[in-house]
Structure formats: C-alpha cells, structure tokens
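Now for the letters of each chain:
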Amino acid sequence: MKIAEFNYTAKSGETTARHIAVITESKEAIQGIDLDKLNAEEARKFAELQVRYEAELKPFMKAFRRFNLVSMTDRVDNKMVII
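Residues numbered from 1 in each chain as written. Predicted model: local features only at pLDDT ≥ 70, side-chain atom pairs only at ≥ 80, totals over all residues. Heavy atoms only, no water.

Trainee: Summarise the overall build of the protein; cite the residues concerned and give the values.
Mentor: Broken down by element type, the protein carries one helix and three strands. Helices and strands appear in the protein in the N-to-C order β-β-β-α. Taking 83 residues into account, the globule formula puts the C-alpha radius of gyration at 12 Å, and the protein, at 17 Å, lies well above it. Its C-alpha atoms give the protein principal-axis dimensions of about 45 × 30 × 20 Å. Per-residue burial for the protein yields a buried fraction of 11% across its 83 residues. Counting every atom, the protein has about 8,100 Å² of accessible surface; 57% of that belongs to carbon and sulfur. Across the protein, 14 positive and 13 negative side-chain charges occur, with their mean positions spaced 5 Å apart. (Helix = DSSP H or I, 4+ residues; strand = E, 2+ residues; numbered from the N terminus. Rg over C-alpha atoms; globule rule 2.2 N^0.38 Å. Buried < 20%, exposed > 50% of the residue type's maximum accessible area, 1.4 Å probe, protein only. Areas by Shrake-Rupley, 256 points an atom, 1.4 Å probe, with all protein chains shown as cover. Lys, Arg positive; Asp, Glu negative; His and termini not counted. Charge placed at Lys NZ, Arg CZ, Asp CG, Glu CD.)

Trainee: How would you explain the environment of Asp 36 if you had to name every residue and give the values?
Mentor: You can see Asp 36 is positioned in the loop between β3 (30–34) and α1 (40–57). By relative accessible area, Asp 36 is classed as partly exposed at 38%. The spatial distance from the C-alpha of Asp 36 to the C-alpha of Glu 54 is 22 Å, given a sequence separation of 18 residues. When neighbours within four sequence positions are excluded, Asp 36 is seen to be in contact with Ala 17, Arg 18 and His 19. Polar side-chain contacts of Asp 36 include one of 2.8 Å to the backbone nitrogen of His 19. (Contact = heavy atoms within 4.5 Å. Polar contact = N/O pair within 3.5 Å; in protein donor to acceptor, adjacent residues only side chain to side chain.)

Trainee: Residues and numbers for the pattern of salt bridges, please.
Mentor: Applying the stated rule across the entire model yields six salt bridges. In this structure, Arg 18 engages Asp 34 in a salt bridge whose closest nitrogen and oxygen atoms are separated by 2.2 Å. Of this pair, Arg 18 sits in strand β2 (residues 15–25) while Asp 34 sits in strand β3, placing them 16 residues apart in sequence. Like Arg 18, the residue Asp 34 is buried in the burial classification. A salt bridge links Glu 41 to Arg 44, with the nearest nitrogen and oxygen atoms 2.5 Å apart. Of this pair, Glu 41 and Arg 44 both sit in helix α1, three residues apart, which is roughly one turn of that helix. Taking the relative accessible area as the measure of exposure, Glu 41 reaches 36% and is therefore partly exposed. Through salt bridges that share partners, Arg 18, Asp 34 and Asp 36 make up one connected network. (Salt bridge = Lys/Arg side-chain N within 4 Å of Asp/Glu carboxyl O.)

By themselves these figures say nothing about function.
Here you go:
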C-alpha cells in the first residue's frame, strides 16, 4: 500500500497537509485511510495490520492481473463471501 502525501485545499479555501493510505485511485480522486485522523496508537496498529496483510497476500500475487475497464462488458460486482 502506498502513502500519498499532498497539500489539499478544501472548498472552504483552507489548505492542509495530508497523509493518505491509498486504497483506490482514479483520474478524479484518491480514496483511502486519512492517517491524519488517527491517533498515534491507531496509526501504529494500522501500519502493523497492513504489513501482516501484505505478507499474507504475497503467495497469491502470482494471480494478480490488470484489466482495462474499456475492455469489460456485462460486469457485475458482488461482495466477497467465504465458501
């Protein structure tokens, strides 16, 4: 997971420095965990969880693929369920 650091200007005109753990990113927006909204203990726990998560996923990354949206048809999104 990458951490995006940037200055953000709100609609009110206020500019703040931000640190975001990016979950999704598009041409229009970044979505993720706003690390500036976590206290030190929460940020530490989040970082530990992310390290464990990436380590657990590593064996499955051999199946990682990228699909272009323009090549998709008949797309349906569902929640992940444990079978």
